[in-house]
Amino acid sequence: MDLINLRILDILDIVLVALLLYYIYKLVKGTTAINIFIGIVIIYLVWKLTQFLAMEMLSSVLGEFIGVGMFALIVVFQQEIRKFLLLIGSTNFGNRKRFLRQLKLIQDSPEDSLTDIKSIVKACEKMGESYTGALIVIKRNNSLDFVKTSGDNMDILIKTPIIESIFCKTSPLHDGAMIVEDNKILATRVILPVTNDRDIPLRFGLRHRAAVGITEKTDAVTLVVSEETGLISYIKNGKFVIFKTPDELIEKIKRDLQ
C-alpha cells in the first residue's frame, strides 16, 4: 500500500512540475525571455547529467552557477514573475469560475459578462471610421485603483454615443485612457504605465504601448483605436490578439471576461 501511495505521489509531483514549466513557458513565449528560459533548462539538465555521471568538478561549477544565477533571474524575469504572481494571487470567485470552466465542470455562457461589449466595439468601429484615437481598459479581476486615481472619476453607464463623445478630438476628456468596470465607465483621462517591450513594431505609438503596459501589470484587457489608421487592436496579457470581424472580437472579449 505504501508503494502504491508513493507511486501516485511521484506521478502527481511530475505532473505539477510539468504544469509549472508549461505555464512559465506560456508567460515567456513570444518574448526575448524565451531564449533565456530555454538556456536555463538546458544548463539544469546538463547539471543533473553531470551529477548522474559523477563528474564532480563540472557538477560543482554548474551547481554554483545555478545557485547564484537565481538572484539574476529575478531581475531578468521581473515582468514575467509579476504576471505569474498576479495569476496566482487572483483568487476571487471570477478566477475560480474561469478555472472550473477550463476543466469543463461548468458550461460556457457568453452572456455572463455584465459589460455591454457590443456598445464598446460599435463605438470603436465608429471612431475608427473617423480616425479618432481611443484607449479603453476593461477590468477583469485585478484592481485598477492604482491607475484610476490618475484620471477623472466617472460613474456612467456604457453607451456608444457617450464613448464617442469622450474620445471626440474636441473633448477635454479624450486624452488618456477610459476605465470600464462591469457596465460602467469609472474613469477617463487615466495615465497608464508604458511597456518597455522593444519587440513592439515601431508603427505602434504611445497609445498602444500604454495598452500593452497595463495588460502586463494586470489581467485587464484593452481596446485601442489607431488615430493614424483607424484600425482596432485588442490586447490581452501584453499580446495583440488577432481577430477578423467585429463579431469575432465581441465573442473573444466576452469569453475573456467570464
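Our structure's up above, just so we're on the same page.
*Asks:* Help me get a handle on a nonpolar patch on the surface, residues and values and all.
*Replies:* Nonpolar side chains collect at one region of the surface, where Leu9, Ile11, Leu12, Val15, Leu16, Leu19, Tyr22 and Tyr23 lie side by side and expose about 760 Å² of accessible area between them. On the secondary structure map, Leu12 appears in helix 1 (residues 2–28). Residue class for Leu12 comes out partly exposed when judged on its relative accessible area of 45%.

*Asks:* Explain the nonpolar core residue by residue, including any values.
*Replies:* Core analysis: the biggest nonpolar cluster contains 25 residues, and Ile120, Ile136, Ile138, Ile163, Leu223 and Ile253 have the highest contact counts within it. Counting residues per element, this core draws most heavily on helix 6 (residues 117–129), which supplies 6 residues. Counting 18 residues, the second largest nonpolar core, distinct from the first, contains Val137, Val190, Ala210 and Ala211.

*Asks:* Please give an account of the pattern of salt bridges that cites residues and values.
*Replies:* Summed over the entire model, instances satisfying the criterion amount to 7 salt bridges. Lys252 is the salt-bridge partner of Glu248, the closest N and O atoms lying 4.0 Å from each other. Here Lys252 and Glu248 lie together in helix 10 (residues 246–257), a separation of 4 residues that amounts to about one turn. Among the residues examined, Glu248 registers a relative accessible area of 30% and is labelled partly exposed. Each of Asp145, Lys148 and Glu181 takes part in one network of salt bridges that share partners.

*Asks:* Describe in detail the packing of helix 6 against helix 8 (residues 160–167), supporting the description with residues and values.
*Replies:* Here helix 6 crosses helix 8 at 45°, and the two axes come no closer than 8 Å. It follows that helix 6 is oblique to helix 8 by the angle criterion. For helix 6 against helix 8, the interelement crossing comes out right-handed. The segment helix 6 lies against helix 8, with Ser119, Ile120, Lys122, Ala123, Lys126 and Met127 engaging Thr160, Ile163, Glu164 and Phe167. Of the residues in the contact of helix 6 with helix 8, the class split is 5 nonpolar, 2 polar and 3 charged.

Rules of the game
- Residues numbered from 1 in each chain as written.
- Predicted model: local features only at pLDDT ≥ 70, side-chain atom pairs only at ≥ 80, totals over all residues.
- Heavy atoms only, no water.
- Patch = residues over 30% accessible without salt bridge, like charges linked within 9 Å, V, L, I, M, F, W, Y side chains within 5 Å.
- Areas by Shrake-Rupley, 256 points an atom, 1.4 Å probe, with all protein chains shown as cover.
- Salt bridge = Lys/Arg side-chain N within 4 Å of Asp/Glu carboxyl O.
- Helix = DSSP H or I, 4+ residues; strand = E, 2+ residues; numbered from the N terminus.
- Buried < 20%, exposed > 50% of the residue type's maximum accessible area, 1.4 Å probe, protein only.
- Core = buried A, V, L, I, M, F, W, Y, C linked by side-chain atoms within 4.5 Å.
- Axes fitted to C-alpha atoms, helices over the stretch in contact; angles between N-to-C directions.
- Parallel < 35°, antiparallel > 145°, perpendicular 65-115°, else oblique.
- Left-handed = near helix turned anticlockwise from the far one by under 90°.
- Contact = heavy atoms within 4.5 Å.
- Nonpolar A, V, L, I, M, F, W, Y, C, P; charged D, E, K, R; others polar.

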